[in-house]
Protein chains: 2
Amino acid sequence: MTGYTATVTVRLKHGVLDPEAETTQRALERLGFELEDLRAADRFEIDLSAEDPDAAEERAGEMAERLLANPTIHDFDVEVAERE
Amino acid sequence: MTGYTATVTVRLKHGVLDPEAETTQRALERLGFELEDLRAADRFEIDLSAEDPDAAEERAGEMAERLLANPTIHDFDVEVAERE
């Protein structure tokens, strides 16, 4: 078994309104920053032990499907890196 | 001016308690998943136009310092990629 860190990024699907991100963008503009768009996402860094990177990615993907993401409104992606 | 996407990741500093992440970890364990640790972070994807990648990174870093992160409890990092 090897130690991996799986990074799960959970984003709102295209077309789902995100009032918090809009408010953050407006607040940055009021502070004088120029930007065209701002999107917010949740990021989970999960340390786990697995046989190989594929097994780690599969387990983290199941965690996202079961709990971390809501498939009605979210997309997610998983990246896996070996831990030192 | 070129279009860039700056990704700002805002994490709690080491030692700052994160009850939400702990609850998420417990919930995954109750579902039968094996994991060693779970850390949560906020991710902001900011589209902006700038002279070059360094200028985009600097502006996104200022946004993090002024608004997106709380320096008392957060660390952040910024990655910049050119937009197609």
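Everything discussed here concerns the structure shown above.
Let us look at the structure shown here. (Residues numbered from 1 in each chain as written. Chains lettered and ligands numbered in written order. Predicted model: local features only at pLDDT ≥ 70, side-chain atom pairs only at ≥ 80, totals over all residues. Heavy atoms only, no water.)

**A few points about the relation of the copies chain A and chain B**
Overlaying chain A on chain B yields an RMSD of 0.0 Å, the required transformation being a rotation through 180° with an accompanying axial translation of 0.0 Å. A rotation of that kind, with that shift, is consistent with a two-fold axis. Among all residues of chain A, the minimum C-alpha distance to the rotation axis is found for A:Asp42, at 2.6 Å. Interface overlap between copies is the fraction of interface residues in one copy that are interface residues in the other; for chain A against chain B it reaches 100%, indicating a shared surface. (Least-squares fit on C-alpha atoms with pLDDT ≥ 70 in both. Contact = heavy atoms within 4.5 Å.)

**Re the pairing of strand E1 (residues 2-12) of chain A**
Residues and elements named next belong to chain A. Where burial is concerned, most of E1 is hidden: eight out of the 11 residues are buried. Where E1 lies against strand E2 (residues 37-50), 10 bridges are found, and the strand directions are antiparallel. Paired with Tyr4 across the strands is Leu48, a residue of E2. In terms of strand pairing, E1 meets strand E3 (residues 74-82) through nine bridges, oriented antiparallel. (Buried < 20%, exposed > 50% of the residue type's maximum accessible area, 1.4 Å probe, protein only. Helix = DSSP H or I, 4+ residues; strand = E, 2+ residues; numbered from the N terminus. Pairing = 2+ DSSP bridges.)

**Concerning helix H2 (residues 53-68) of chain B**
Taken as a whole, H2(B) has its buried residues at B:Ala56, B:Arg59, B:Ala60, B:Gly61, B:Met63, B:Ala64 and B:Leu68. The inward-facing, buried residues of H2(B) abut helix H1 (19-30) of chain A together with strand E1 (2-12), strand E2 (37-50) and strand E3 (74-82) of chain B. A side-chain oxygen of the first residue of H2(B) lies 3.1 Å from the backbone nitrogen of B:Asp54; this N-cap is B:Asp52. (Polar contact = N/O pair within 3.5 Å; in protein donor to acceptor, adjacent residues only side chain to side chain.)

**Structural notes on the sheet that holds E2(B)**
Across the sheet, six strands lie side by side as E3(A)-E1(A)-E2(A)-E2(B)-E1(B)-E3(B); this open sheet has antiparallel pairing. Since the sheet does not close on itself, it has two edges, and those belong to E3 of chain A together with E3 of chain B, each with one partner. Strand-to-strand twist in this sheet, taken as the mean axis angle between neighbours without regard to direction, amounts to 25°. Two strands pair when backbone bridges link them, and E2(A) and E2(B) are joined in this way by 11 bridges, in the antiparallel orientation. When the sheet's bridge partners are listed, A:Phe44 is paired in E2(B) with B:Ala40. Seen against the sheet, helix H2 (residues 53-68) of chain A touches E1, E2 and E3 of chain A and runs at an angle of roughly 125° to E2(A). Its contacts with the sheet place H2(B) against E1, E2 and E3 of chain B, and it is angled at close to 125° to E2(B). (Axes fitted to C-alpha atoms, helices over the stretch in contact; angles between N-to-C directions.)

**Describing the environment of A:Leu67**
Tracing the backbone through its elements, the reader meets A:Leu67 in helix H2. Judged by relative accessible area, A:Leu67 falls into the partly exposed class, the value being 35%. With residues up to four places along the chain from it excluded, the contact list for A:Leu67 reads B:Thr24, B:Ala27, B:Leu28 and B:Leu31.

**Things to note about H1(A)**
With 12 residues, H1(A) ought to run about 16 Å at 1.5 Å a step, and its terminal C-alpha atoms sit 16 Å apart, in line with that. Those residues of H1(A) that fall on the buried side of the exposure criterion are A:Ala21, A:Thr24, A:Gln25, A:Ala27 and A:Leu28. Each buried residue of H1(A) lies within a common arc of 160° when the element is viewed along its axis, so the set occupies one face. Within H1(A), the exposed residues directed more than 90 degrees away from the buried face are A:Pro19, A:Thr23 and A:Arg30. Those residues of H1(A) that are buried are in contact with E2 of chain A together with E2 and H2 of chain B. (Expected span 1.5 Å × (residues − 1). Arc of directions from axis to C-beta.)

**Comments concerning the interface of chain A and chain B**
The interface of chain A with chain B comprises 31 residues on the first partner and 31 residues on the second. Among the residues of chain A in contact with chain B, A:Arg39, A:Arg43 and A:Glu45 are the three that bury the most area, contributing 22% of the side total. Linking chain A to chain B there are eight salt bridges. Residue B:Arg39 is joined to A:Glu45 by a salt bridge in which the shortest nitrogen-to-oxygen separation is 3.3 Å. Connecting chain A to chain B are 18 residue pairs in polar contact (both at pLDDT 80 or more). For the side of chain A that touches chain B, the elements supplying multiple residues, two or more each, are E1, H1, E2 and H2 of chain A. No other element matches the 13 residues that E2(A) contributes to the side of chain A that touches chain B. Of the residues that constitute the side of chain A that touches chain B, the class distribution is 14 nonpolar, four polar and 13 charged. (Buried area = accessible area lost by both parts, 1.4 Å probe. Salt bridge = Lys/Arg side-chain N within 4 Å of Asp/Glu carboxyl O. Nonpolar A, V, L, I, M, F, W, Y, C, P; charged D, E, K, R; others polar.)

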